[in-house]
2 protein chains.
Amino acid sequence: MQIQKYKCIVSYDGSNFSGFQIQPQTRTVQGEIEAVLKKMHQNRSVKVVGSGRTDAGVHAYGQVIHFDSPLEISDHQWLKALNSMTPPDISFTAIEKADASFHARYSAIKKEYHYKIYTAPTRDPFRRHFALHYPYPLNKALIDTAIAHLIGTHDFTSFCSAKTAVDDKVRTLLTLDYEIADDHWTFRFVGDGFLYNMVRIIVGTLLEVGSEKRSPDELPWIIVQRDRKLAGKTAPPEGLYLWRVYYE
Amino acid sequence: MQIQKYKCIVSYDGSNFSGFQIQPQTRTVQGEIEAVLKKMHQNRSVKVVGSGRTDAGVHAYGQVIHFDSPLEISDHQWLKALNSMTPPDISFTAIEKADASFHARYSAIKKEYHYKIYTAPTRDPFRRHFALHYPYPLNKALIDTAIAHLIGTHDFTSFCSAKTAVDDKVRTLLTLDYEIADDHWTFRFVGDGFLYNMVRIIVGTLLEVGSEKRSPDELPWIIVQRDRKLAGKTAPPEGLYLWRVYYE
């Protein structure tokens, strides 16, 4: 029996999940995918490994997972079978055979997250799960100044949930920019790795800067102080998307 | 006590409603709005009149309603109060004082509906409630021919749910066209009035024509036969939006 490793790109609406990672008695993305794979493997468990967790309410446009399987079916058949069995809020967009050495988490070299907000004066019912409603004017020049302080390699302790167990909090933010289309803003983050809640805390801080509640000149000081309490509020999950995971 | 009539534009995500019209023991848009108005009027009932019903799962970008109220508050305060009390899947986008003679339903002269589909090979979890997934190639020339037969004044009995009680089924379809952006299609309908399920049955028929399951040359015959069974399947509700209601 030949075991083959598969790499998949998965898209999900995080609204009705308690996050990606499997947990007992709660609906998770990993749990749903493992249940589908179990059905496809005569009730034998198949372990799914993701590039990383996403929290409850956080979406993925391009989460990457891997798993091993002895089933001899084509990539096209895999995609069809998986999509016919996954619930409607999860979709496989690609599947391919991977080397045995590939690992969805450890082989990742960069990740890209997007955070969407809209500044319309009234709530948009169609976006309530998919973007943060922030109905305040935003000063682009101030946001640009803050972004310039954040890009690069820093100890991001101040922008990381105090709950994090990781010791090394130095990360490199390669790209941080935004696109505006009418009243919709998309902040784009690319980095070699992200700490727990890092994107959401940076967005929360940028929004406070943009709406002139704090000065962008505080940023260098907030970074060196390595104190979560100094940065802005954690922006809510509904605006966040794990957009893409990069491999060699 | 001065009674003032108000005209409002309301946007709602129809996914979690049993339609617009109030019904006992079920969640409706009219029911939610009347509950909010009742709270604002010391527990006195305020009747809401909409431009028309929308079915379960059907959305509205620009539904129009009217109601009467003795409250003396500014339009801006009305908007703020209503949006702070309505559930997140309903939003008031505009409110203005209207003449006593205005009627959301009877004063309407035209209505515009949009129907959204996407033809991507795999399901998009973010669009599952907001567009029909139709992963088949569509032949534009065939659709254009079918559309040319439908535009104008016809007896639309063949494109109307057999359940309809209305006697006069002659309607004028002023505009029927579509816009394509990547794999997303938006069909736009403007007419002086629409019969029950008319947009969804026309869309279902156009998709059958576009995917070469039936010829566009059947259309004139289907129209004159006045038989619902001859037209295509009713397209599902999630792609449909009451986009705009026009008044004098």
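Residues numbered from 1 in each chain as written. Chains lettered and ligands numbered in written order. Predicted model: local features only at pLDDT ≥ 70, side-chain atom pairs only at ≥ 80, totals over all residues. Heavy atoms only, no water.

The condition that has to hold: UniProt positions are given in the numbering used here, feature names are shortened, and annotations may be inferred rather than shown by experiment.
Identification of chain A as tRNA pseudouridine synthase A from Bacillus chungangensis is taken from an unreviewed UniProt entry. The UniProt entry for chain A carries this comment under Catalytic activity (unreviewed entry): "uridine(38/39/40) in tRNA = pseudouridine(38/39/40) in tRNA". Entered under Sequence similarities (unreviewed entry) in the UniProt record, the comment concerning chain A runs "Belongs to the tRNA pseudouridine synthase TruA family."

Some words on the overall build of chain A
To keep it simple, the criterion reads: Note on conventions: DSSP H or I runs of at least 4 residues are helices, E runs of at least 2 residues are strands, and numbering of each starts at the N terminus. Throughout, the radius of gyration refers to the C-alpha atoms, and the reference size of a globule is 2.2 Å times the residue count to the power 0.38. Each residue is assigned to one of three classes by its accessible area relative to the maximum for its type, calculated with a 1.4 Å probe on protein chains only: buried under 20%, partly exposed between the two thresholds, exposed over 50%.
Within chain A, the secondary structure is distributed over 5 helices and 10 strands. Computed over C-alpha atoms, the radius of gyration of chain A comes to 19 Å, within 12% of the 18 Å expected from 2.2 N^0.38 for 248 residues, which places it in the range of a compact globule. In terms of overall dimensions, chain A has a C-alpha envelope of 60 × 40 × 30 Å along the principal axes. Of all 248 residues assigned to chain A, the portion counted as buried reaches 53%.

Quick look at the nonpolar core
Selection rule: Here, nonpolar core refers to any group of buried Ala, Val, Leu, Ile, Met, Phe, Trp, Tyr and Cys residues whose side-chain atoms link them within 4.5 Å. The domain boundaries here were taken from an automatic or database domain assignment. By definition in these notes, contact holds between two residues if any of their heavy atoms fall within 4.5 Å.
In terms of nonpolar packing, the biggest core is built from 66 residues, with Leu150, Phe159, Phe187, Phe189 and Ile202 of chain A touching the most fellow members. Among the elements that make up this core, the one with the highest residue count is helix α4 (residues 198–210) of chain A (8 residues). The residues that make up this core include at least three from each of domain 1 (4–98) and domain 2 (110–247) of chain A. Setting aside anything within four residues of it in sequence, one finds Phe187 of chain A in contact with Tyr113, His114, Tyr115, Ile117, Ile143, Asp177, Tyr178, Leu206 and Leu207 of chain A. Residues Val10, Tyr115, Leu176 and Tyr247 of chain B belong to the second largest nonpolar core, which totals 65 residues.

Some words on the UniProt feature "active site" (unreviewed entry) in chain A
Residue and element names in this part refer to chain A. Following the UniProt record, one finds the feature "active site" (unreviewed entry) at Asp55. Locating Asp55 in the fold gives a position in the loop between β2 (49–50) and β3 (59–69). Residue Asp55 is classed as partly exposed on the basis of its relative accessible area, which comes to 23%. Discounting residues that sit within four places of it in the chain, Asp55 has contacts with Gly19, Tyr196, Asn197 and Arg200.

Observations concerning the domain arrangement of chain A
All names here are of chain A. Condition: Buried area counts how much accessible surface, traced with a 1.4 Å probe, disappears from two parts once they are put together, with both parts' losses summed. Any Lys or Arg side-chain nitrogen located within 4 Å of an Asp or Glu carboxyl oxygen qualifies as a salt bridge. Counting of polar contacts relies on pairs of N or O atoms within 3.5 Å, with two restrictions inside protein: one atom must be capable of donating a hydrogen and the other of accepting it, and residues adjacent in sequence are counted only when both atoms are side-chain atoms.
With domains assigned, chain A is organised as domain 1 (4–98) and domain 2 (110–247). Computed from C-alpha coordinates alone, the two centres of domain 1 and domain 2 are separated by 28 Å. On the side of domain 2, 16 residues touch domain 1, which itself brings 17 residues to the contact. For the pair domain 1 and domain 2, the two sides together bury roughly 1200 Å², of which 58% comes from carbon and sulfur. When the area that domain 1 buries against domain 2 is broken down by residue, the three leading residues are Asp55, His59 and Tyr61, summing to 40%. At the surface where domain 1 touches domain 2, the tally comes to 1 salt bridge. Arg200 is the partner of Asp55 in a salt bridge, and the nearest nitrogen-oxygen pair spans 3.7 Å. Seen at the junction of domain 1 and domain 2, the total is 9 residue pairs in polar contact (both at pLDDT 80 or more). With 6 residues, β3 is the single largest residue contributor to the side of domain 1 that touches domain 2.

Let's talk about the interface of chain A and chain B
Reports often express the size of an interface as the amount of accessible area lost when the parts come together. In this complex, chain A contributes 23 residues to the contact, which on the side of chain B involves 23 residues. Roughly 1800 Å² of surface becomes buried between chain A and chain B when both sides are summed, with 56% attributable to carbon and sulfur atoms. When residues of chain A are sorted by the area they lose upon contact with chain B, Arg123, Phe126 and Arg128 of chain A head the list and together hold 42% of the total. Linking chain A with chain B are 2 salt bridges.

Remarks on the packing of helix α1 (residues 29–40) of chain A against helix α2 (residues 75–85) of chain A
Residues and elements named next belong to chain A. Rules: Every axis corresponds to a line fitted to the C-alpha atoms, with the helix fit spanning only the stretch in contact, and the corresponding angles, defined between N-to-C directions, vary from 0 to 180 degrees. Note on angle classes: values under 35 degrees are labelled roughly parallel, values over 145 roughly antiparallel, values of 65 to 115 roughly perpendicular, and the remainder oblique. Definitions for this section: a left-handed crossing has its near helix turned counterclockwise from the far helix by less than a right angle. A right-handed crossing has that turn clockwise. Amino acids are sorted into nonpolar (Ala, Val, Leu, Ile, Met, Phe, Trp, Tyr, Cys and Pro), charged (Asp, Glu, Lys and Arg) and polar (every other residue, Gly among them).
Closest axis-to-axis distance for the α1/α2 pair is 10 Å, and the angle between their directions is 120°. Viewed along their axes, α1 and α2 adopt a mutual orientation that is oblique. Note that α1 runs across α2; the crossing there is right-handed. In contact with Val36, Leu37, Lys39 and Met40 of α1, α2 contributes Trp78, Ala81, Leu82 and Met85. Here the contact of α1 with α2 is built from residues that sort into 7 nonpolar, no polar and 1 charged.

Regarding the pairing of strand β1 (residues 4–12) of chain B
Residue and element names in this part refer to chain B. For clarity, the threshold we go by: Two strands form a pair only when DSSP identifies at least two bridges running between them.
When you tally the buried positions in β1, you get 7 out of 9 residues, the bulk of the element. Two strands pair when backbone bridges link them, and β1 and strand β3 (residues 59–69) are joined in this way by 8 bridges, in the antiparallel orientation. For Tyr12, the partnering residue across the bridge sits in β3 and is Ala60. For β1 and strand β4 (residues 90–98), the ladder comprises 8 bridges, and the chain directions are antiparallel. Across the sheet, the residue bridging to Cys8 is Ile95, located in β4.

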